[in-house]
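# What the coordinates show
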Amino acid sequence: MVRSALAATALLSRGRQVNAVPGEVADTLQKRLAADAQRPQYHFLPKANWVNDPNGPIYWKGYYHLFYQYSSTIEPQGPKYWGHARSKEMVYWEHLPMALAPTLGGPDKDGCWSGSAFSNNGVPTFVYTGVFPQVQCLASSDDNLIAWKKVSGNPVVGSPPAGLEVTGFRDPSIWRESGSWLMTVGAGFQGRGGAVLLYESKDLAHWEYVHPLFTGPPFEQRDSAPASSYDAVDAGDMWECPDFFPLGQKHVLMVSTQGRVHYLTGTYSERKFQAETHGLIDGSVLHYAAKSFADDQGRRILWGWVREARSAAAQNSAGWSGAISLPRILSIDAEGALHMDPLPELARMRGRHHRIAGAEVSGFLPAPQIQGSSLEIQLTMDLGDAHEGGISVRRSPGAGEEETTISYEAATQNVVLATGRSSLSPDADGGTYRAALKLKPGEPLRLSVFLDASVVEVFANGRTCLTGRIYPLRSGSLGVGIFAKGGRARVKSLDAHEMKAISGDRLTT
Ligand code: FRU
């Protein structure tokens, strides 16, 4: 039986057992979504409706499980559920019934907000935020991670530490350390900056506040000019979704500042974190609420919420909003900076291949053999004496009224993702996103660009990332070209792969 998402939601909020898959949708909507040229084909997203933060990624007995903030209404304020999907390789996903839904009269009656999954002596367990007010809750499940039960003692942390006036109190993450459970909770102090609060427990039921693991002041704006309207809220006096983990010889703390996701690397001992290096997980505000986990091979893998950059009306009429980013593998270099690379398993989606090798470019060089909205492009380029060089994608034929560019600017040492001309639609909120990248002497620019309908993800030299949203209006805006401004650049190689959809309706096995 096909049940509408709204009907499923109503049943769930009355606390009855419903085996609904998030975004279970009527046939007509399903057809519309399948024909929607803006809908990503190989990024993970629910079958319909709203997704925001990735939650509780965990590897459990042969499957990678991904949970996510889901709402049946297309608005940031909708009551949140935990959607659920699993995968054998983090490429193809199988949608599963919702893991968490608000309980009428419970501490999460207004929503099950972000949190983490962990093994409590072999029992799959969630720690998450119930609202309103913001409190921390636990739930545990059977071995298939399907039937989740909230613990009777919820909330296990019912208020912020006594005497602290916080701007928020949410998004727990948890680890085991010398016989104790340690938990961070995102918070902040008005006008003073964000804070990550550290808690300790012996039994998960009773928690004691230890101290702030790290506090503001707000990170300085890295860009001189705001990239888009979202930047206005990058005040940083509330840090959401803290994520704290060991990587190499260091520890990493990530926080989402209601603008971008910042990271700090440093040392951790005796429950104190000493930050040494600061950077951004993504130069753009459109990759947000990042969450990581250690997979079965010990790799540290990160996902983020890919936000929309079009009007609420356009999102509503589309019937869906948001996507989960491609998984990134994190590593750390000798200077403590994070390196980020796309998960190698993503190569499974590669189809037809095109290659250009050894081309000189000055001005614009079309690559007519490469076309598409679902592509992975790897470009290796020496800028030579050009002051800017890169690629143009989703370009309309002729004068290129619609066009998205990804380039390197020598003078500013920035990778630049320009989406201001990506769409002729007045609903699209284009911007120019920048990420600092200092090339070493003789080091070429190496871009990996993933195009997936309205999602663009850029990895530059494994050291920095930029995520964008584009909504070209013209069906022919599929062209690719290479460009160099102010001089002659050399394309060492350009490899383009047409990418396969992970399935027609994103419900994959
Ligand atoms: C981040 C966030 C979290 C919160 C969740 C609610 O995007 O605001 O702080 O738990 O989304 O959906």
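Residues numbered from 1 in each chain as written. Predicted model: local features only at pLDDT ≥ 70, side-chain atom pairs only at ≥ 80, totals over all residues. Heavy atoms only, no water.

### Here's the deal with the overall build of the chain
When helices and strands are counted, the chain shows three helices and 32 strands. Since a compact globule built from 509 residues should have a radius of gyration of about 23 Å, the 22 Å found for the chain is in line with a globular shape. Projected onto the principal axes, the alpha-carbon positions of the chain cover approximately 65 × 55 × 40 Å. Across the 509 residues of the chain, 61% fall into the buried class. (Helix = DSSP H or I, 4+ residues; strand = E, 2+ residues; numbered from the N terminus. Rg over C-alpha atoms; globule rule 2.2 N^0.38 Å. Buried < 20%, exposed > 50% of the residue type's maximum accessible area, 1.4 Å probe, protein only.)

### A word on the sheet that holds strand β14 (residues 250-256)
What the four strands build is an open sheet, ordered β13-β14-β15-β16; its pairing is antiparallel. Bordering the open sheet on either side are β13 (240-247) and β16 (272-280), each of which pairs with just one other strand. Sheet twist, expressed as the average angle between the axes of neighbouring strands with direction ignored, equals 25 degrees. The pairing of β14 with strand β15 (residues 261-269) spans six bridges and is antiparallel. Looking at β15, one finds that V255 is bridged to H262. (Pairing = 2+ DSSP bridges. Axes fitted to C-alpha atoms, helices over the stretch in contact; angles between N-to-C directions.)

### Quick look at the layout of surface pockets
The calculated volume of the second largest pocket comes to roughly 620 Å³. Taken together, 25 residues make up the lining of the second largest pocket; nearest its centre are N52, P76, W113, R170 and E240. For the lining of the second largest pocket, the secondary structure elements donating two or more residues are β1 (49-60), β5 (112-120), β9 (170-177), β13 and β17 (287-294). Residue contributions to the lining of the second largest pocket peak at three residues, all from β1. Looking at side-chain class alone, the lining of the second largest pocket contains 11 nonpolar, seven polar and seven charged residues. (1 Å grid on protein atoms, 1.4 Å probe; cavity = no way out; pocket = protein on both sides within 12 Å on 5 of 7 lines; lining within 4 Å. Points joined across faces, edges and corners; volume = space filled by probe spheres on them. Nonpolar A, V, L, I, M, F, W, Y, C, P; charged D, E, K, R; others polar.)

### Focus: the site of the ligand
In the neighbourhood of the ligand, the contacting residues comprise N52, D53, Q69, K80, W113, S114, R170, D171, E240, Y288 and W305. Within the side chain of K80, a nitrogen or oxygen atom sits 3.2 Å from an oxygen atom of the ligand. R170 is positioned such that a nitrogen or oxygen atom in its side chain is 2.8 Å from an oxygen atom of the ligand. When the free accessible area of the ligand is taken as 320 Å², the share hidden by the protein chains comes to 91%. Applying the majority rule of atoms within 2 Å of the grid points places the ligand in the second largest pocket. (Near = heavy atom within 4 Å. Polar contact = N/O pair within 3.5 Å; in protein donor to acceptor, adjacent residues only side chain to side chain. Areas by Shrake-Rupley, 256 points an atom, 1.4 Å probe, with all protein chains shown as cover. Sits in = over half its atoms within 2 Å of the grid points.)

### Topic: the packing of aromatic side chains
Scanning all chains against the criterion turns up 26 aromatic pairs. A centroid spacing of 6.3 Å and a plane angle of 80 degrees characterise the contact between W175 and Y268, whose relative ring orientation is edge-to-face. Taken together, the residues span a long stretch of sequence, with W175 in strand β9 and Y268 in strand β15 at a distance of 93 residues. Residue classification places W175 among the buried residues on the basis of a relative accessible area of 15%. Relative to Y209, the ring of Y199 lies with its centre 5.5 Å away and its plane at 55 degrees, an arrangement referred to as tilted. Here Y209 lies in strand β12 (residues 208-215) and Y199 lies in strand β11 (residues 193-201), a separation of 10 residues in the sequence. For Y199, a relative accessible area of 3% gives the class buried. (Phe/Tyr/Trp six-rings, centres within 6.5 Å; stacked < 30°, edge-to-face > 60°.)

### Focus on the confidence of the model for the chain
Averaged over every residue, the pLDDT of the chain is 91; the share at 70 or more is 90%. Per-residue pLDDT stays below 50 along residues 221-233; that stretch engages in 24 contacts with residues further than four places along the chain or on separate chains. Contacts from residues 504-509, a stretch scored under 50 in pLDDT, to residues over four places away or in other chains number 21 contacts. (pLDDT = per-residue confidence, 0-100. Contact = heavy atoms within 4.5 Å.)

### What about the pairing of strand β6 (residues 123-130)?
In terms of burial, β6 is a largely internal element, seven of the eight residues being buried. When β5 meets β6, the two strands line up antiparallel, connected through eight bridges. Bridge pairing in β6 places S116 opposite V127. In textbook terms, the turn of a hairpin is the stretch between consecutive antiparallel strands, and for β5 and β6 this stretch comprises two residues, one of which, N121, has a positive phi near 50 degrees.

### Remarks on the sheet that holds β1
Spatially, β4-β3-β2-β1-β19 is the arrangement adopted by the five strands of the open sheet, whose pairing is mixed. Where the open sheet ends on each side, the last strands, each with one partner, are β4 (94-100) and β19 (320-321). As judged from the four bridges shared by strand β3 (residues 81-87) and β4, these two strands associate in the antiparallel manner. Along β4, the bridge assignment pairs R86 with E94.

### Digging into the pairing of strand β27 (residues 414-418)
β27 sits mainly inside the fold: four of its five residues count as buried. Sheet topology places strand β26 (residues 404-409) next to β27; five bridges connect them, and they run antiparallel. If you follow Y408 over to β27, its bridge partner there is V415. Between β26 and β27, which pair antiparallel and follow one another directly, the connecting turn spans four residues, one of which, Q413, has a positive phi of 50 degrees. Pairing between β27 and strand β28 (residues 432-436): five bridges, direction antiparallel. Along β28, the bridge assignment pairs A418 with T432.

### Section: the environment of C465
Mapped onto the secondary structure, C465 falls in strand β31 (residues 464-469). For C465, a relative accessible area of 1% corresponds to the buried category. When the C-alpha positions of C465 and D36 are compared, they lie 27 Å apart, and in sequence the two are 429 residues distant. Setting aside residues no more than four positions away along its own chain, C465 makes contact with I281, D282, G283, R328, M340, A435, V458 and F459.

### Things to note about the nonpolar core
Counting 46 residues, the largest nonpolar core has M90, W93, M254, I281 and W303 as its most contacted members. Residue contacts for I281: discarding those within four places in its chain leaves M254, V261, Y263, H287, A290, L302, R328, L338, M340 and C465. Listed in part, the 40 residues of the second largest apolar core include V285, L445, V491 and L494. (Core = buried A, V, L, I, M, F, W, Y, C linked by side-chain atoms within 4.5 Å.)

### Digging into the environment of V416
Locating V416 in the fold gives a position in strand β27. Between the C-alpha atoms of V416 and V458, which are 42 residues apart in sequence, the distance is 9.7 Å. Setting aside chain neighbours within four positions, we find V416 in contact with T405, I406, S407, E409, T432, Y433, R434 and L466.

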